[in-house]
Amino acid sequence: METLVFDVTGDLAHFRKFYSTTSPLTYDFMPRTSVCGLLGAIAGLSREDYPQSFSSNKAKIGVGIRNEVRKKVMGIKLLDADSSEASFRGTKKGGGRTPITYEFLVDPKYRIYFQHLENELFEEIVRRVKESRPYYTPCLGQANLLASIEFMGVFKPEVLPHTTVHAFDSILPKTGFDLHGVGQEVRMALAPMEMDFNRVVNRFDYVLYSPRKGKLNAKPDKTASFAKVGNDVVGFL
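Calculation rules
- Residues numbered from 1 in each chain as written.
- Predicted model: local features only at pLDDT ≥ 70, side-chain atom pairs only at ≥ 80, totals over all residues.
- Heavy atoms only, no water.
- Pairing = 2+ DSSP bridges.
- Helix = DSSP H or I, 4+ residues; strand = E, 2+ residues; numbered from the N terminus.
- Axes fitted to C-alpha atoms, helices over the stretch in contact; angles between N-to-C directions.
- Contact = heavy atoms within 4.5 Å.
- Buried < 20%, exposed > 50% of the residue type's maximum accessible area, 1.4 Å probe, protein only.
- Core = buried A, V, L, I, M, F, W, Y, C linked by side-chain atoms within 4.5 Å.

*Asks:* Help me out: how do you make sense of the sheet that holds strand E6 (residues 109-116) in this one?
*Replies:* The strands making up a sheet are joined through hydrogen bonds of the backbone, oriented either antiparallel or parallel. An order of E3-E6-E1-E7 is seen for the four strands of this open sheet, with the pairing classed as antiparallel. Either end of the sheet is taken by a strand with one partner, and the two such strands are strand E3 (59-65) and strand E7 (148-155). Neighbour-to-neighbour, the strand axes of the sheet open up by a mean angle of 20°, direction not taken into account. In the packing of helix H1 (residues 32-43) onto the sheet, contacts are made with strand E1 (3-9), E3, E6 and E7, and the angle to E3 comes to roughly 110°.

Quick look at the structure:
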């Protein structure tokens, strides 16, 4: 299968951690489920359809962090979930607004690697990325955090041996990869991987990544899915 490679950038991003509540925290990277949503927006798939269209038995997805992770906490006000005019205008008793602090990623940039078994869907996404004509407006976690996409190319992946250590340019699932070497700054996070047709997460996995856009030296085992794509070595989620 060929691999589509494109970059996603924006001013701000927020990929909410599933365990954060009143003060939403963000992942340092773009989780697999968020990439599926982005691909669905590019292709014009509905919210109900895209989780199944990009399930792990159909699609392989890799994510690389291209800018060093930087965060900012900002206070914002949310409208109450009341459709009344008084709530909207802020004249409702209590103000009709809920102050809350949000954690945002600043100047994020991610490289997305994408393979799919269905050639028609794959070619449609390649065409739209190449022409910078997504069906829906792409965003970085929230509808108000707009994203830009840049086509990098379509590459035939090169098979690499499992018996040696490789310098990976992407985040890695913890399962199937053994880190090697000293001096690496590595973080680990439990992240959502797949959702069902009701948009309920049905698979989580721990991922390993470098917040300083550095490479991860790791040795894959026989269960790992990885390849060299262009000049990058990628572990698929």
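Resuming the write-up.
*Asks:* Which parts of the structure should I look at to understand unusual backbone geometry?
*Replies:* Residues apart from glycine generally show negative phi values, whereas peptide bonds are mostly found in trans. With a phi close to 55°, Ser-132 is a non-glycine residue in the positive phi region. Inspection of the secondary structure assignment puts Ser-132 in the loop between helix H4 (119-130) and E7. With relative accessibility at 48%, the residue Ser-132 sits in the partly exposed group. With a phi angle near 65°, Arg-199 is a residue other than glycine that sits in the positive phi range. Its location among the elements puts Arg-199 in the loop between strand E11 (187-195) and strand E12 (201-209).

*Asks:* Even after reading the chapter, I still don't get the sheet that holds strand E4 (residues 71-79), so can you show me in this structure?
*Replies:* An order of E2-E5-E4 is seen for the three strands of this open sheet, with the pairing classed as antiparallel. Looking at which strands have only one partner, the edges of the open sheet turn out to be strand E2 (12-13) and E4. Examined bridge by bridge, E2 and strand E5 (residues 97-106) share two bridges and lie antiparallel to one another. Across the sheet, the residue bridging to Ala-13 is Leu-105, located in E5.

*Asks:* Would you explain the nonpolar core in this entry?
*Replies:* Generally speaking, soluble globular proteins have nonpolar side chains that are buried together. Judged by nonpolar contacts, the single largest core of 41 residues is most densely connected at Phe-6, Phe-29, Met-30, Phe-54, Val-63, Phe-114 and Ile-125. At the level of secondary structure, the elements contributing two or more residues to this core comprise E1, H1, E3, E6, H4, E11 and E12. For this core, the element with the most residues is H1, which contributes six residues. Excluding anything up to four places from it in sequence, Val-63 contacts Met-30, Val-35, Tyr-110, Arg-111, Ile-112, Tyr-113, Ser-170, Ile-171 and Leu-237.

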